[in-house]
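# Survey of secondary and tertiary structure
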Amino acid sequence: VVSAHSLGLGDRVCLTFVSEAKASSAALALLGATAAGVAHEMRNTFAAVTSSLSVVARRMAPQSEDVRVITQVLSRMGRASEVLSDLLLFARPTAPQFRAVPARMVLAAVVEEVAMGADKRVRVRYECPDPTLNIVVDPDLLQMALVNLALNSVQAIEGCGEVVLTATIRGDQLEIRIEDTGPGVPPEIEGEVFTPFVTSRPNGSGLGLANVRKIIEAQRGVVEYLKDTPRTTFVCLLPQRPTVELEI
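One structure accompanies this document, and this report is about it. (Residues numbered from 1 in each chain as written. Predicted model: local features only at pLDDT ≥ 70, side-chain atom pairs only at ≥ 80, totals over all residues. Heavy atoms only, no water.)

### A short note on helix α3 (residues 103-117)
One full turn of an α-helix is made of 3.6 residues, so residues set three or four places apart face in the same direction. Between its first and last C-alpha atoms α3 spans 23 Å; for 15 residues at 1.5 Å apiece the expected length is 21 Å, and the two agree. Turning to α3, its buried residues number three or more, namely Ala 103, Val 106, Leu 107, Val 110, Val 111 and Val 114. The arc that holds the buried residues of α3, viewed along the axis, is 130°, so those residues lie on one side. Exposed residues on α3 whose side chains face more than 90 degrees from its buried face are Glu 112 and Met 116. Against the buried residues of α3 lie β1 (99-102), β2 (122-127), β3 (134-137), α4 (139-156), β4 (161-170) and β5 (173-180). (Helix = DSSP H or I, 4+ residues; strand = E, 2+ residues; numbered from the N terminus. Expected span 1.5 Å × (residues − 1). Buried < 20%, exposed > 50% of the residue type's maximum accessible area, 1.4 Å probe, protein only. Arc of directions from axis to C-beta. Contact = heavy atoms within 4.5 Å.)

Here's what the structure looks like:
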């Protein structure tokens, strides 16, 4: 670490650096709070409008042109609401609540949630070579991140395919792999997949993988996209904390 004093700079310069850093942090916090507030209000408005339009549609002839138009509007508003939810999650501070849980329990919950909405031609499963593996994580946040990754995998597969989640210990780290038989990340965005608002999906918000990184980093971990692998592969690496208490 190089200090301002070691470079021959004075106290005034040091204070300027600190003040600018604090101002930048405060500005980012204010921006995040503002974005969250706007997103929250817009989502509430969308919910009210969606409810009203649904009531109107039920009073019309089922096959009418008006109902078709309202159905399209409801679909687009639903998509907009999903984007706002991603924005709220991205803007919200993340404070993990660590608990000791079986790794297989987290993976099973992810597979169950993802499989419910997956194409029947896509198999979603998990592997946990050590069925007694216990991990200390925020299970709710970790499940949210893994569901996001697995859903991306499911949506990328056209036709038949498979998505596999695997949890193992590598040295002093917990490694969770999400592998799929899809086409992979387009080469032009491989280096930016976790950057906010970068997406290869026409209707994507570009915040899904950014939220995954935020959740994993909040637990002192890292998430990576692996290139040149037989299958499309994302890896989450988390510290393997000592298991003090196991919650079944």
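### Thoughts on the packing of α3 against α4
The contact between α3 and α4 brings their axes to 9 Å, and the two run at 45°. Classified by the angle between their axes, α3 and α4 sit oblique to one another. Between α3 and α4 lies a crossing of right-handed hand. Between α3, through Val 106, Leu 107, Ala 109, Val 110, Glu 113 and Val 114, and α4, the contact on the second element is made entirely by Pro 139, Leu 142, Gln 143, Leu 146, Val 147, Ala 150, Leu 151 and Val 154. Taken together, the residues of the contact of α3 with α4 sort by class into 12 nonpolar, one polar and one charged. (Axes fitted to C-alpha atoms, helices over the stretch in contact; angles between N-to-C directions. Parallel < 35°, antiparallel > 145°, perpendicular 65-115°, else oblique. Left-handed = near helix turned anticlockwise from the far one by under 90°. Nonpolar A, V, L, I, M, F, W, Y, C, P; charged D, E, K, R; others polar.)

### With respect to the pattern of salt bridges
Applying the stated criterion across every chain, the model contains 10 salt bridges. Residues Arg 231 and Glu 162 are paired through a salt bridge, measuring 3.0 Å at the closest nitrogen-oxygen approach. Taken as a pair, Arg 231 in the loop between β6 (222-226) and β7 (232-239) and Glu 162 in strand β4 lie far apart in primary sequence, 69 residues in all. Using a relative accessible area of 30% as the deciding quantity, one classes Arg 231 as partly exposed. Judged by relative accessible area, Glu 162 falls into the buried class, the value being 12%. The residue Glu 175 makes a salt bridge to Arg 177 at a minimum N-O spacing of 3.0 Å. Residues participating in the shared-partner salt-bridge network are Arg 123, Arg 125, Glu 127, Glu 162 and Arg 231. (Salt bridge = Lys/Arg side-chain N within 4 Å of Asp/Glu carboxyl O.)

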